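# Remarks on the overall topology
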Amino acid sequence: MDGKGEVHLIDKDDRGQDVDRKVTGLPETWWWRGEQHTDPSTLMIRGFVSSDGTGGQKLAFVDLATASVTATHDILNATDWITPVGGSRTRAVWQERDATGKTVLAVARRDSLEVARTTWAREVRGAPLALGITDDWVVYGNSWAFGAWNAEGLRDLTARSLTTDESFPLLAHATSVVQAADGGLIATGGTVEHGEGVYRITPGANGSAGRVRPGDHRRPHRPHRPVRAPGAVRRGRPRRG
């Protein structure tokens, strides 16, 4: 990407020479950058009206085979902050605000111009979400869950079905969620049972609720505030020294 206006894909031909292809179909006079949530055939990029990320934002999906844009979406009410974005092989999800500042989650298929916007995410008081999407499930949580001003706000990393609206908590909290190569998600966060660490989130069979597996890197869970689990309440204690 060369900054304002143009995006280029650099490939290798059969002789090992660089081939520069300009991406077609992008709105002009925007600043573009790549997003990590891509798949082998499609690149997700984000555009800004100005180079400092203010003034408005868009998302665009680029077909890597043709170097052309398949869809673009406006990110609403995002003139003064860089909104979180997540994606899977088939969909993208991003955080918006409505006119009153309430949290909105927007979901779109990579090959469609239609966007479904919902306000069912619990209020996060302007904080950025940690979010991702796997199959028909959106996973979201407050990455600043334990800030002093968030005493009554969203804490759990929550999964919600895009088809049934079923929802349930996955982790007590999460600071980040990224896409895994197998289509699942990897979250950095914690539970009372398994402690702090890296967790893999995978959807269940036949589109059912996902499951969480702790990774290899964990440490005892020491929340700043009480974390409730079924049948138990545990309180973290500050470390000494």
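Residues numbered from 1 in each chain as written. Predicted model: local features only at pLDDT ≥ 70, side-chain atom pairs only at ≥ 80, totals over all residues. Heavy atoms only, no water.

## A short note on unusual backbone geometry
We count it as follows: Strands are runs of DSSP state E lasting at least 2 residues, helices are runs of H or I lasting at least 4, and numbering of each runs from the N terminus. Three labels apply to residues, based on accessible area from a 1.4 Å probe with only protein chains included: buried if under 20% of the type maximum, exposed if over 50%, partly exposed otherwise in between.
Even without being glycine, A67 reaches a positive phi, approximately 55°. In this fold, A67 is placed in the loop between β5 (57-63) and β6 (68-75). A relative accessible area of 3% places A67 in the buried class. The backbone phi angle of D165 is positive, close to 70°, even though this residue is not glycine. What makes D165 partly exposed here is its relative accessible area of 42%.

## Here we look at the environment of P27
Filter applied, for reference: Residues count as neighbours in contact if any of their non-hydrogen atoms are within 4.5 Å of one another.
Tracing the chain through its elements places P27 in the loop between β2 (18-22) and β3 (31-34). The spatial distance from the C-alpha of P27 to the C-alpha of E6 is 9.3 Å, given a sequence separation of 21 residues. Other than its neighbours up to four places away in sequence, P27 contacts W32, K58 and T72.

## Description of the pairing of β2
To keep it simple, the criterion reads: Here, a strand pair is defined by DSSP locating no fewer than two bridges between the strands.
Inspection of the sheet shows strand β1 (residues 8-12) paired to β2 by five bridges, in the antiparallel sense. Note on β2: the bridge partner recorded for I10 is D20. Here β1 hands over to β2 after five residues, with G16 in that stretch at a positive phi of 80°.

## Details of the nonpolar core
The criterion, for reference: Nonpolar core, defined: a set of buried Ala, Val, Leu, Ile, Met, Phe, Trp, Tyr and Cys residues in which side-chain atoms within 4.5 Å join the residues together.
Counting residues in hydrophobic clusters, the biggest one holds 14 residues, and the most contacted among them are V139, L157, L170, L171 and I201. Of all the elements in the fold, those that place two or more residues in this core are β12 (137-142), β13 (157-161), β14 (167-171), β15 (173-179), β16 (185-191) and β17 (195-202). Contact partners of V139, with chain neighbours within four places excluded, come to A130, L131, G132, L157, T158, A159, L170, L185 and I201.

## Some details on the sheet that holds β12
To keep things clear, this is the line we draw: For every element, the axis is a line fit to its C-alpha atoms; helices are fit only across the contacting stretch, and the angle between N-to-C directions ranges from 0 to 180 degrees.
Sheet architecture is open: four strands sit in the order β11-β12-β13-β14, paired in antiparallel fashion. Each having just a single partner strand, β11 (129-134) and β14 make up the two edges of the open sheet. Ignoring strand direction, the axes of neighbouring strands in this sheet form an average angle of 25°. Both β11 and β12 contribute to a ladder of six bridges, which runs antiparallel.

## Points about the environment of W94
Selection rule: Residues adjacent in sequence count toward polar contacts only when both atoms are side-chain atoms; beyond that, a polar contact is any pair of N or O atoms within 3.5 Å, and within protein one must be able to donate a hydrogen and the other to accept it.
Mapped onto the elements, W94 comes out in strand β8 (residues 91-97). Taking the C-alpha atoms as reference, W94 lies 8.5 Å from V104; in sequence the two are ten residues apart. Of the polar contacts made by the side chain of W94, one reaches the side chain of E96; its length is 2.9 Å.

## Quick look at the confidence of the model for the chain
Quick note on the threshold: Every residue carries a pLDDT, the predictor's confidence in it, which falls somewhere between 0 and 100.
In this model, the chain carries a mean pLDDT of 75, and residues with pLDDT of at least 70 account for 72%. Of all the helices and strands in the chain, strand β19 (residues 227-229) carries the lowest mean pLDDT, 30, while β2 carries the highest, 93. Throughout residues 148-152 the model reports pLDDT below 50, and contacts reaching past four residues in sequence, or to other chains, amount to eleven contacts. Scored below 50 in pLDDT, residues 216-241 makes 44 contacts in the model with residues more than four places away or belonging to other chains.

## Remarks on the pattern of salt bridges
Spelled out, the test is: Any carboxyl oxygen of Asp or Glu within 4 Å of a side-chain nitrogen of Lys or Arg constitutes a salt bridge here.
A full pass over the atoms with the stated rule returns eleven salt bridges. In this structure, the salt-bridge partner of R33 is E35, at a minimum N-O distance of 3.9 Å. Judged by relative accessible area, which is 13%, E35 ranks as buried. R91 is the salt-bridge partner of D136, the closest N and O atoms lying 2.9 Å from each other. Remark: R91 occurs in strand β8 and D136 occurs in the loop between β11 and β12; sequence separation between them is 45 residues. What makes D136 partly exposed here is its relative accessible area of 27%. Each of R33, E35 and R46 takes part in one network of salt bridges that share partners.

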